[in-house]
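# Observations on chain architecture
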Amino acid sequence: MKNRSEEIQAGKPHSGCSQNSAGRGQILPVLPVNSCSIDQKSGEMCTGQADLQPISFKSDRLLATYFVVSGRVQGVGFRPFVYRLAQRLGLNGWVQNRLGQVDILVEGTAQHLTAFANALLAEAPPLSQPRILEQMPTPAAGIIDFTIRPSVNNAQPDIHVPPDYFTCEACLAELFDPQDRRYRYPFINCTQCGPRYTLIEHLPYDRTATSMRDFVLCADCRAEYDNPLDRRFHAEPVACSQCGPQWLFRNDGGTLAGEAALAAGITALRAGQIVAVKGVGGYHLLCDAGSEAAVLRLRDRKARPHKPLAVMFSDLASVRRAAVLSDDEAVFLSSPPRPILVLKQRADNPLTPQLAPGLTEIGVMLPYSPLHHLLLTDFAAPLVTTSANLSGEPVLTDNAEVEMRLAGVADAFLHHDRPIVRPADDSVFRVSADVARPLRLGRGMAPLEMTLPFALETPLLAVGGHTKNTIALAWERRVVVSPHIGDLGSLRSMAVFEQVIGDLQKLYNVTATRVVCDAHSGYASTRWARASGLALTTVFHHRAHASALAGEYPDIDNWLVFTWDGVGYGEDGTMWGGEALFGGPGKWVRVASMRPFHVPGGDAVGREPWRAAAAMAWETGVKWTDLPADTELIHAAWQRRINTQQTSSVGRLFDAAAAFTGLIHHASFEGQGPMWLEAACRNDTCDAIPLPLNRDEQGIWRTDWAPLVTMLTDTARSISQRADLFHTSLAHALLAQVRAVQTTHPVQCIGLAGGVFQNRRLTERVVSLLTSAGLQVRLTQNLPVNDGGISFGQIIETEYRHE
């Protein structure tokens, strides 16, 4: 048997290469744009000319150091960086990928080895996030050069799957340089940019393990790919117009390829047509954002009359012509994930108001792929860029399928022939309480890797909720949250759900032996979990919401978390949604809630807010003159509690308020009523209507919303006045519940969880009241506050429950 030093010299795995177990639940940080400069040919990160020069030290005896580096080190040009660094310092040795970690052996003088160790993290490629797991001296063997060894997959996996990256400045410069051989090539990329998650089939990250394996490199691309000093060294998606993917335009008039395809797409857009464009993680539906006719045509064909549409702008200057953009928001919008960011519209916004009817905000994004840069440059105006899918489903990815399923929506299709292995919709963020918080995790952000505050004995799979579904895979001290999958109400959604479950386990080389799901037996994710054959745990919906928040802040012990959302199956068999839970993961106790009421129509209330309003009017005896006609039978059924749900949901209170104020009786998308009600607010400083707070027979504090009904049906008040009063009164009601619970429980921190806290006006009002009262308050920062964070919360709740 070889000793440890012999194993290192041979480049074999050893038992000491363990995963890093330190740290709290932290998202890999968003890297600022242009935080460094990159030499366009080599890809070398530098802060000045001196950094590009070889470093010379006084001669000394030969020493050797062995490094094990983990973190995000695959698909980001880390091995070429190590090679160039060793060349610069005159060191010999080797670097090698081992299923997610990188092993390095360097030989040289003590001074050179110290300089290498310092630069290994300080000068790492901008998209990498390395951690040195091990650094140990080892006998020098007199190696005569420095090499990049072939990847191996026989080591203990420590895999970190990179997300898809935006186009770097070096590639953009080449894209628009007429003298460059990749001029206007829409799939240009290098080790610092391009697709990753949607392209990788399995690890180690080599070209044969990606959807680029069938594109054989031409001689020029092969020379770059094989040159360690080139920034395209082992850039697995590398290609050019001679050997790589190509555009393909299709409409009723025929098929075009290459530049002619792009030109035809631009012509179609200028003619007011709708074009389905294949991007990095799926298709978008594009049309002219300045054309009311084109936008209305898109809405009509997609049966999406009101839901806001995202808009892609060419640069920050064009964004500022349509929206109010702070310096911090500009930095975030330009950050590597290139998210959709929800911004306040300018009063003189030149784009059509049909982009976001009933709202004062608009979702904006910047180009993140070379395809988008070419489209925006050639079209020279903002473009609607909305997911090409059917309502609630994952974004479409396949050329033939998109033509079949969207034949009645798109006038033309701009395809390409690079397969998308798995879908990734765009990430969506909104600034709330001075922090950009995710509403949806997707391209550029996911898979989201976090560190657990405990170690798992066996791998655990969490399958999330039914809407805004994500799944989470956890093992040892790691957890990975998938990109947004969507609502699990269709065959395609379930197919993608099952694919992502299989893909994450394959990518990370982890096989789950247990599964956790929501306690609601009607959820598709719950049915799948029960049929999986894995050891099963169920977690109640609002416990998962609370634990998702607590999992981001494991140093806090005694929480009071307000889990306000639409509905979730409660522990008493009713539909919860306005609960305050005290304690911590695995030991939550409901201590406060809202007055329950019975809503007619079951799940129909989500799309028919008038039902919630009618129920509240009937419960309180208030006459609502705007009640829809022909409701006598529904009222009779409600009186007998036939086809009704008892709920304590704050989300349903928002639905009712939107209906009472006359904003909306029938919603065309989930959350429309609450969103329009928030948009109607004008005054942050109005007085609150006091809401009675009393304990019920179980000792739970209950807020009575009845005074709100009288106010909301008072047509002498304007809609904006009623909307302002409603938000402010609920914020004060929450504070009153906090004060009441504090009399009997040692509350350390207040938490806000659940989809209701996507509402910025309510959230910021609550945070202001709580902080002014000297209380700590926390919201999720890495995960969506809505059901997109449920899967992570299920992991946290399950493990603490089993302690």
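### Section: the overall build of the protein
The secondary structure content of the protein amounts to 22 helices and 33 strands. Over its C-alpha atoms the protein spans a radius of gyration of 28 Å, differing by no more than 12% from the 28 Å that the globule rule assigns to 803 residues. Seen through its C-alpha atoms, the protein measures out along the principal axes to roughly 90 × 65 × 50 Å. Counting every position in the protein, which comprises 803 residues, the buried fraction comes to 61%. Across the protein, 73 positive and 81 negative side-chain charges occur, with their mean positions spaced 1 Å apart.

### Notes on helix H5 (residues 219-226)
Within H5 the residues assigned to the buried category are Cys221, Glu224 and Tyr225. All buried residues of H5 lie within an arc of 100° about the axis, which places them on one face of the element.

### Quick notes on the sheet that holds strand E3 (residues 63-72)
In spatial order, the strands read E6-E3-E5-E4-E7; together these 5 strands make up an open sheet with mixed pairing. At either margin of the open sheet sits one strand with a lone partner, and together these are strand E6 (129-137) and strand E7 (146-148). Across the sheet, the axes of successive neighbouring strands diverge by a mean angle of 15°, strand direction being ignored. By the bridge criterion, 7 bridges tie E3 to strand E5 (residues 101-108) in an arrangement that is antiparallel. Counterpart to Leu63 in the pairing with E5 is Gly108. Relative to the sheet, helix H2 (residues 78-89) contacts E3, strand E4 (92-98), E5, E6 and E7, its axis offset from that of E7 by approximately 175°.

### Observations concerning the nonpolar core
Within the largest apolar cluster, 80 residues are counted, with the highest numbers of intra-cluster contacts made by Leu375, Leu414, Val463, Ile471, Phe497, Leu504 and Tyr508. Considering each element in turn, this core owes the most residues, 7 residues, to helix H12 (residues 491-507). Among all residues touching Leu375, those that are not within four sequence positions of it are Leu262, Ile266, Val277, Leu286 and Leu414. Among the nonpolar cores identified, the runner-up in size contains 65 residues, and Ala580, Leu725, Val747 and Val785 belong to it.

### With respect to unusual backbone geometry
Here the amide bond leading from Ala446 into Pro447 is cis, since omega sits at 5°, within 30 degrees of zero. For Pro447, the location among the structural elements is in the loop between strand E18 (435-440) and strand E19 (448-451). Phi angles above zero are rare outside glycine, and Asn509 is one such case at about 55°. With respect to the element layout, Asn509 can be found in the loop between H12 and strand E23 (514-518). Asn509 sits in the partly exposed class, given a relative accessible area of 46%.

### Concerning the packing of aromatic side chains
Going through the model one piece at a time under the given rule, you end up with 18 aromatic pairs. Between Tyr185 and Phe187, the ring centres sit 5.6 Å apart and the planes meet at 65°, which makes this aromatic pair edge-to-face. Both residues of the pair, Tyr185 and Phe187, count as buried. Summarising the aromatic geometry, the rings of Phe497 and Trp528 are spaced 5.7 Å apart at their centres and angled 90° between planes, so their arrangement reads as edge-to-face. On the criterion of sequence distance, the pair formed by Phe497 in helix H12 and Trp528 in helix H13 (residues 524-531) is long-range, its members being 31 residues apart. Take Phe497: its relative accessible area is 0%, and that puts it in the buried class. Through successive ring pairs, a cluster of aromatic residues spans Tyr185, Phe187 and Trp247. Over the aromatic face of Tyr197 sits the side chain of Arg422, whose NZ or CZ is 5.1 Å from the ring centroid. The ring of Trp638 has Arg641 sitting right over it, with the charged end atom 4.7 Å from the ring centre.

### Overview of the packing of helix H6 (residues 258-270) against helix H10 (residues 370-379)
For the pair H6 and H10, the least separation of the axes is 10 Å and the interaxial angle reads 50°. By the angle class used here, H6 and H10 are oblique. Classified by chirality, the crossing of H10 by H6 is right-handed. Residues Leu262, Ile266, Leu269 and Arg270 of H6 pack against Leu374, Leu375, Asp378 and Phe379 of H10. Its residues assigned to classes, the contact of H6 with H10 comprises 6 nonpolar, no polar and 2 charged.

### Comments concerning the pattern of salt bridges
Enumeration over the complete set of coordinates arrives at 36 salt bridges. A salt bridge links Arg422 to Asp503; the shortest N-O distance between them is 2.8 Å. With Arg422 in the loop between strand E16 (412-416) and strand E17 (428-432) and Asp503 in helix H12, this pair connects stretches of sequence that are 81 residues apart. Across the pair, exposure class does not vary: Arg422 and Asp503 are buried alike. Measuring nitrogen to oxygen at the nearest pair gives 3.5 Å for the salt bridge that ties Arg543 to Glu797. One end of the pair, Arg543, is in helix H14 (residues 541-552); the other, Glu797, is in helix H22 (residues 790-801), and 254 residues separate them in sequence.

### Describing the sheet that holds E16
Through backbone hydrogen bonds, the strands of a sheet pair up, either in parallel or in antiparallel fashion. The sheet built from 11 strands is open, its strands ordered E9-E8-E16-E10-E11-E15-E12-E14-E13-E17-E18 with mixed pairing. Two strands lie at the open edges of the sheet, namely strand E9 (254-257) and E18, each paired on one side alone. Bridge count for strand E10 (residues 275-278) against E16 is 3 bridges, and the pairing is parallel. Bridge assignment links Val277 to a residue of E16, and that residue is Leu414. Against the sheet, helix H21 (residues 760-772) contacts strand E14 (361-365) and E17, and its axis sits at roughly 40° relative to E17.

About the cut-offs
Residues numbered from 1 in each chain as written. Predicted model: local features only at pLDDT ≥ 70, side-chain atom pairs only at ≥ 80, totals over all residues. Heavy atoms only, no water. Helix = DSSP H or I, 4+ residues; strand = E, 2+ residues; numbered from the N terminus. Rg over C-alpha atoms; globule rule 2.2 N^0.38 Å. Buried < 20%, exposed > 50% of the residue type's maximum accessible area, 1.4 Å probe, protein only. Lys, Arg positive; Asp, Glu negative; His and termini not counted. Charge placed at Lys NZ, Arg CZ, Asp CG, Glu CD. Arc of directions from axis to C-beta. Pairing = 2+ DSSP bridges. Axes fitted to C-alpha atoms, helices over the stretch in contact; angles between N-to-C directions. Contact = heavy atoms within 4.5 Å. Core = buried A, V, L, I, M, F, W, Y, C linked by side-chain atoms within 4.5 Å. Phe/Tyr/Trp six-rings, centres within 6.5 Å; stacked < 30°, edge-to-face > 60°. Lys NZ or Arg CZ within 6 Å of the ring centre and 35° of its normal. Parallel < 35°, antiparallel > 145°, perpendicular 65-115°, else oblique. Left-handed = near helix turned anticlockwise from the far one by under 90°. Nonpolar A, V, L, I, M, F, W, Y, C, P; charged D, E, K, R; others polar. Salt bridge = Lys/Arg side-chain N within 4 Å of Asp/Glu carboxyl O.

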